[in-house]
Amino acid sequence: MKYATKNYIGKNKNTRKTKAKTTAPTVGRICRLDETGQKCFGDSERKTKISSYKPTTNGFLKCTFLPKLKENDVHKLMTNEQNFTQIQRKNAKMENDFYMSLSQLTEHYRLNPMTSRHFGYPYNMALALDDVQKQLKNKVRDWEEIRLIEEKGITYFTSEERYNTGAILYYIPIVRLYRLSKNPKRKQTVQLLQSIYSYLYHVAKVPYYRKQDSYLFWMYKMVEEWLTSDDENEETPFYLSEIKLAEHIGDFMEQKIYNHHNLTLFKKHLKNFKAKDLFDNDCFMLARKIFSLYEQYPNSTIYQNLLSNIETEDFENDTIVSMDKYVSFCAETKGLLFQTLFETVNSEFQECATMQEPVVIKKFDGSNLTYNNLDFETRLFPLIEELIYTLNNF
């Protein structure tokens, strides 16, 4: 279920003081720069029409055509008799490694591989690879790709599982919870929501916009500097008022959700909760799902399956939208301030090429396998999206 309007980078101009004619979107969406479609151009010259000499049936349409194998350098080298024996031994070793790794991979993912070895090298490997890729795509959630690696004389598969965050800005509003806490009729609902916020703050490690090490802290500061350095206009007082409110309420509410009693009393709040209307019920159902996730994964964070900087080239770091930039607590998701913040963030992300997303890479080289998966992320991110939607539509 999608809970928020998606907005692609490139549709918003990065203006410093833009008057918001409409409300800023609840959750923005980041457009990946590598998603641009590529056109294929054919030969402009018309081909000669060819027709069959005799009437034929269309029985060939029922046939299954096997993958086409491209000629490679090995085939060319095999024409040299001097290298033939050496190449045969190398190919036999590669083929044996291939099927041993394939066996480990299919057992791990519980696949049913086709019988292909009798087709002979190297066509049998191409056929087996094509078959297992199709099965992984259809059966394994979050599967991204497999690679055949040759390292230190050993050939083996690696499999990558990746959770697609949907290029969404997961900005969780604080001011909305503060205003809700001022309603005495929503006391139980606020207790549940504060437990959710504490879980995201302490356990899931979602950045808080009032902390100086957070990305949004400096983005808010940047917007404030623009406003104070430019000449005042009719909108300036509204911006400055929203900034001061965001700072004051942000500091106050951080003390509330920092309290660990929100977590220790989470289960009790659920047990004693009585919904009064649809909004209460939505909050209760959401809290129950998040508490279940907390019980199953008491130490899991949003960063646990990210590739480390060591695995990423240094020159690529500036072109990656790191997770702490698009998952965070924020002041508000409506109003002039957020509209400007949203446009500024979008403008910066437009210069980036990729999104940092949760990834699990498994090596099928005969060693003990990691049984890590992306179940936590698959459940958490939709719940954060649902939380944002629920609060912004109350």
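Use the structure listed above.
Residues numbered from 1 in each chain as written. Predicted model: local features only at pLDDT ≥ 70, side-chain atom pairs only at ≥ 80, totals over all residues. Heavy atoms only, no water.

On to the overall build of the chain, then. When helices and strands are counted, the chain shows 13 helices and seven strands. The 394 residues of the chain split such that 45% are buried. Looking at the chain alone, contacts between residues at least 24 apart form 78% of all its contacts between residues at least 6 apart. Total accessible area on the chain stands at roughly 23,800 Å², and carbon and sulfur atoms take up 50% of it. (Helix = DSSP H or I, 4+ residues; strand = E, 2+ residues; numbered from the N terminus. Buried < 20%, exposed > 50% of the residue type's maximum accessible area, 1.4 Å probe, protein only. Contact = heavy atoms within 4.5 Å. Areas by Shrake-Rupley, 256 points an atom, 1.4 Å probe, with all protein chains shown as cover.)

According to the stated counting rule, one finds 20 salt bridges in the structure shown. Notably, a salt bridge pairs E386 with K289, separated by 3.2 Å at the nearest N-O pair. With E386 in helix α13 (residues 375-392) and K289 in helix α10 (residues 278-296), this pair connects stretches of sequence that are 97 residues apart. R379 is the partner of D375 in a salt bridge, and the nearest nitrogen-oxygen pair spans 3.3 Å. Here D375 and its partner R379 are both found in helix α13, four residues apart, which amounts to about one turn of the helix. A residue is classified by how much of its surface remains accessible, and R379, at 25% relative accessible area, is partly exposed. Among the charged side chains, a salt-bridge network with shared partners connects R141, D142, D375 and R379. (Salt bridge = Lys/Arg side-chain N within 4 Å of Asp/Glu carboxyl O.)

Along the chain, the position of S198 falls in helix α5 (residues 187-203). Engagement of the side chain of S198 in a polar contact is seen with the side chain of N262, the distance being 3.0 Å. Those residues in contact with S198, other than ones at most four positions away along the chain, are V203, I257, N259, N262 and L263. (Polar contact = N/O pair within 3.5 Å; in protein donor to acceptor, adjacent residues only side chain to side chain.)

The next thing to look at is the pairing of strand β3 (residues 170-173). Going residue by residue along β3, you find Y170 and I172 tucked away on one face and Y171 and P173 tucked away on the opposite face as well. Sheet analysis places β3 next to strand β5 (residues 327-330), joined by four bridges and oriented parallel. Within β5, the residue paired with Y171 across the bridge is S328. (Pairing = 2+ DSSP bridges.)

The next subject is the nonpolar core. Counting residues in each nonpolar core, the largest one holds 78 residues, and the members touching the most others are Y199, L200, L216 and F329. If we ignore the near neighbours within four places in the chain, the residues touching L200 are I172, K205, V206, F329, L380, I384 and L387. The next biggest cluster of nonpolar side chains, apart from the first, holds 17 residues, and it includes F98, Y99, M125 and I146. (Core = buried A, V, L, I, M, F, W, Y, C linked by side-chain atoms within 4.5 Å.)

Two elements in contact, α5 and α10, have axes whose closest approach is 10 Å; the angle formed by their N-to-C orientations is 35°. The interaxial crossing formed by α5 with α10 has left-handed handedness. Within the contact between the two elements, α5 uses T189, L192, L193, I196, Y199 and V203 and α10 uses F279, D280, C283, F284, L286, A287, I290, L293 and Y294. The residue makeup of the contact of α5 with α10, split by class, is 13 nonpolar, one polar and one charged. (Axes fitted to C-alpha atoms, helices over the stretch in contact; angles between N-to-C directions. Left-handed = near helix turned anticlockwise from the far one by under 90°. Nonpolar A, V, L, I, M, F, W, Y, C, P; charged D, E, K, R; others polar.)

Attention now moves to unusual backbone geometry. Here the amide bond leading from Y121 into P122 is cis, since omega sits at 0°, within 30 degrees of zero. Relative to the helices and strands, P122 is located in the loop between α2 (81-109) and α3 (123-139). Positive phi values are uncommon outside glycine, yet R110 reaches one of about 55°. In this fold, R110 is placed in the loop between α2 and α3.

This brings us to the environment of K211. Within the secondary structure, K211 sits in the loop between α5 and α6 (215-229). Classification of K211 by relative accessible area gives partly exposed; the value is 34%. With 39 residues separating them along the chain, K211 and G250 place their C-alpha atoms 9.8 Å apart. For K211, the residues in contact, after removing those within four places along its chain, are Y201, F217 and E254.

Attention now goes to the environment of I257. As for its position among the elements, I257 is in helix α7 (residues 236-258). According to the relative accessible area criterion, I257 is buried, its value standing at 0%. Taking the C-alpha atoms as reference, I257 lies 7.4 Å from S195; in sequence the two are 62 residues apart. With residues up to four places along the chain from it excluded, the contact list for I257 reads Y197, S198, Y201, H202, Y208 and N262.

What follows deals with the pairing of strand β1 (residues 143-151). Across eight bridges, β1 lies against strand β2 (residues 154-162) in antiparallel orientation. Bridge pairing in β2 links E145 to E160. Where β1 hands over to β2, the hairpin turn is made up of two residues, of which K152 adopts a positive phi near 50°.

Secondary-structure assignment places T333 in the loop between β5 and α12 (336-349). On the basis of relative accessible area, T333 is assigned to the buried category, the value being 0%. A polar side-chain atom of T333 sits 2.6 Å from a polar atom in the side chain of N392.

Taken in spatial order, the three strands line up as β1-β2-β7 in an open sheet, and their pairing is antiparallel. With one partner strand each, in any of the chains shown, β1 and β7 (359-364) form the two edges of the open sheet. Neighbouring strand axes in the sheet, compared pairwise and without regard to direction, differ in orientation by 20° on average. Where β2 lies against β7, six bridges are found, and the strand directions are antiparallel. Bridging across to β7, E160 finds its partner in I361. Along the sheet face, α3 touches β1 and β2 and points at about 150° away from the line of β1.

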